[in-house]
Structures are given as structure tokens and as C-alpha cells.
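Chain and residue survey
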Amino acid sequence: MSGYDHSLLSSQKKRKISTAVSVIAKYLCLQTGEGSAINRPIQRSFRVVRYRVPSPNEVEMTETATETVLTILQHDFEEIVSAWITTQSDEGVQRTDLFSHKEGREQTSGLMRALISGIENGATGDRFDLSSDAWAELRSVLVEVTQERSSRGVTPSDMASFVLALKAPIFYRLKDKLADFPSQLVEEIWFISRVIDAFAVYCAEVFIAERDRIIEQQRDQMQELSTPVVELWDKVLTLPLIGTMDSARAQEVMENLLETILRREAEVVIVDLTGVQTVDTQVAQHMLRMAAAVRLMGAQCIISGISPTIAQTMVQLGVDVGEVTTRSTIRNGLADALDRVGYAIVKKKDH
């Protein structure tokens, strides 16, 4: 590799860059003491070189890059679990307010066992893939732990910190084991970092999927509450509409209404628009289609709650209600519906 003349850099810049490189090396646990083989080239000289993109054969991580990690996880299992829990506590993500010490240790131990199983059976190095079958147990445990923690109020950031806290106990042990083998140390730290980072990302995906599921469930529940079909009298149903009406909601309302007509053997349906503030062409068309579907089911449809404003709007839009019966209030609509099924509301003579 050809290099640039290092004299082009000022002494101050060279000192800053040399210091930065030393800090990075120390963070990666590559320094094994003063005067080490790693430190000496950095301390003696500094040379800026052209960067050459290495070939795939040069960067491919060996399959033995996890030997020490696996040995540490197996032999120091309980110590690492305890250190992991301690790190969680130090970072404020243990959440003893939501989980007992026993529950937290069971979750941590379960993740550790699944991690060991994945390293033993799964592809490592550059072929690591968390979605492979070998890591199925770990994914299952992560889903279980994430859902349990999210249901108790743990935030996504706390969950990610909970997983990432595993790095420190493993890194310290790797540094002690591989202090004299910097190349292997870098490989094993790189691999276990990729694995633990993948855990954190997967937990975030589970959080998002669970949140979306809850939102969808709540949306369905709110739609059911906002479009109830009520049986006012024998063979008389009412559908009070509130809020806006889009195509998706109109389709759901229609399906719910038609199913109730069939189940209750209704003869008259009152669709009440009292809770609808504005009516545009789209809403009006939804109402007319709903009335036509009710007639196809053998029932009659009455649209009530049409205010003067809505009436004027419908006229301006040129909406023709055709054969659909309309009433200004639900009271008038109910009286009409009862009359159609042979009932009448009669005031007692003594009152």
C-alpha cells in the first residue's frame, strides 16, 4: 500500500489523531499494558496511508471466532447472569418496580441459555443470521420476554438497554482470556456485538408488532362501539351513526347491519344521522347504498336525524334519496317504524 507523506500533517494534528487511535484501541480492550506490541507502533510514529478495500477472503470471519465466547458463556453462566443483572441495575433498566428479583433472573437466565444454544448450533462469523432455524429458540424467548415486559409498561428503550447490558460482562471476560491474542479478541468481540445488537433490533421489532396489534385491536373495538345496531322493538332496529363516514367504515357498518337484520329477522331499520355533523357526496352515497342493501334483505329503511343544514347540503349536491323514507328526528322515525310493524304508542287516559 502506498502512503501519503506524513510531514503534510502538522504536529498538533498528528498528536490528536494518535490520541484518538489510542483511545479506540483501549476501548476495544486491545491494550495489554505499557510498552505492549500494540501500543509501541502508535507511540513511536504515525503514518497516513491510502485505504484499500480488502477482498472478501481477507474480511471473512473464521468459524472458530466464537470458541472463547462459547466457553465463557458455558463455564461462567451464573457469574455472567449475575453481572448482567448488576449492569441492568446500574443502568436503571432492571425495573424491580415491575418484576421481582426471581422473575428478572429467570428471564435473564432463559435468554442466556437460548444464546448458548444458538451459538452452538447456528452459523457464526459473517454467515450469522438471527432468522435461521438454529436461533429459533432465542427468537421465541425474546418474543416471550419482550411481550411480558411491554405488557407491564417497559418502554422499547428500556428493553433495548436490558439486552445491550449483556455486552459488558462478556467483553471483560474476553479481555482477560484473550489479552495476548488481539486478533482473536477483535473477532470474538465483533461477533458477539453483532449477535447482541441483533437481539436489541429484534426486540424493537417485536415491540412495534405488539404495539400495532394493540392499536388495531383498539381500533376494531372503537368501531364496534361507534356503530352499534340496537333492537328498539320487536323487528325494529336502529343504527345511530356518529362522526365521519369513510369507505372502510361504511363497509363495516353495512356488514354488521345486514348480519343483525338476518339474525333478528328485522323488518324495519332506522339509520339515525343525528350524530353526523356534515354530509358530503361520499357520505350520502354510502347511506343510499346501505338503504338499498337493507331493502335487498327484505326490510325497510328509514333515515332519521336529517337536520336543516344536512337537508340543504344534500339538495345542493343533487343527492336523490329516491324511495328511501326520511324523518327529521329519531322520534318520528320510531313512530313510523312501529306503525309499519303493527304497533302504536298510545298515551294512557289517566295521565
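Residues numbered from 1 in each chain as written. Predicted model: local features only at pLDDT ≥ 70, side-chain atom pairs only at ≥ 80, totals over all residues. Heavy atoms only, no water.

So, on to the overall build of the protein chain. Within the protein chain one finds 14 helices and 5 strands. A total of 351 residues make up the protein chain; the buried ones form 37% of that total. For the protein chain, the proportion of contacts with a sequence separation of at least 24, taken over those separated by at least 6, is 74%. Per element, the accessible surface of the protein chain, about 20800 Å² overall, is 53% carbon and sulfur. (Helix = DSSP H or I, 4+ residues; strand = E, 2+ residues; numbered from the N terminus. Buried < 20%, exposed > 50% of the residue type's maximum accessible area, 1.4 Å probe, protein only. Contact = heavy atoms within 4.5 Å. Areas by Shrake-Rupley, 256 points an atom, 1.4 Å probe, with all protein chains shown as cover.)

Turning our eyes to something else, we now look at the confidence of the model for the protein chain. Across the protein chain, pLDDT averages 77, with 78% of residues at or above 70. When the elements of the protein chain are averaged for pLDDT, helix 3 (residues 56-59) gives the smallest value, 38, and strand 4 (residues 300-304) the largest, 93. Of the regions scoring below 50 in pLDDT, residues 1-9 engages in 17 contacts with residues more than four places distant in sequence or in other chains. (pLDDT = per-residue confidence, 0-100.)

Glancing now at helix 5 (residues 77-90). Across its 14 residues, helix 5 extends 20 Å between first and last C-alpha, which sits within 8% of the 20 Å expected from 1.5 Å per residue. Those residues of helix 5 that are buried are in contact with helix 4 (67-75), helix 6 (101-121), helix 8 (156-164) and helix 9 (167-177). G92 lies just past helix 5 and shows a positive phi near 75°. (Expected span 1.5 Å × (residues − 1).)

Within the structure shown, the criterion is met by 2 aromatic pairs. Consider the rings of W233 and Y343, whose centres lie 6.0 Å apart with planes at 70°: the pair is edge-to-face. One end of the pair, W233, is in strand 1 (residues 230-233); the other, Y343, is in the segment after helix 14 (330-340), and 110 residues separate them in sequence. With relative accessibility at 36%, the residue Y343 sits in the partly exposed group. The cationic tip of R149 hangs over the ring face of F99; the distance from NZ or CZ to the ring centre is 4.5 Å. Across from the ring centre of F162, 4.1 Å away, lies the NZ or CZ of R149, which sits over that ring. (Phe/Tyr/Trp six-rings, centres within 6.5 Å; stacked < 30°, edge-to-face > 60°. Lys NZ or Arg CZ within 6 Å of the ring centre and 35° of its normal.)

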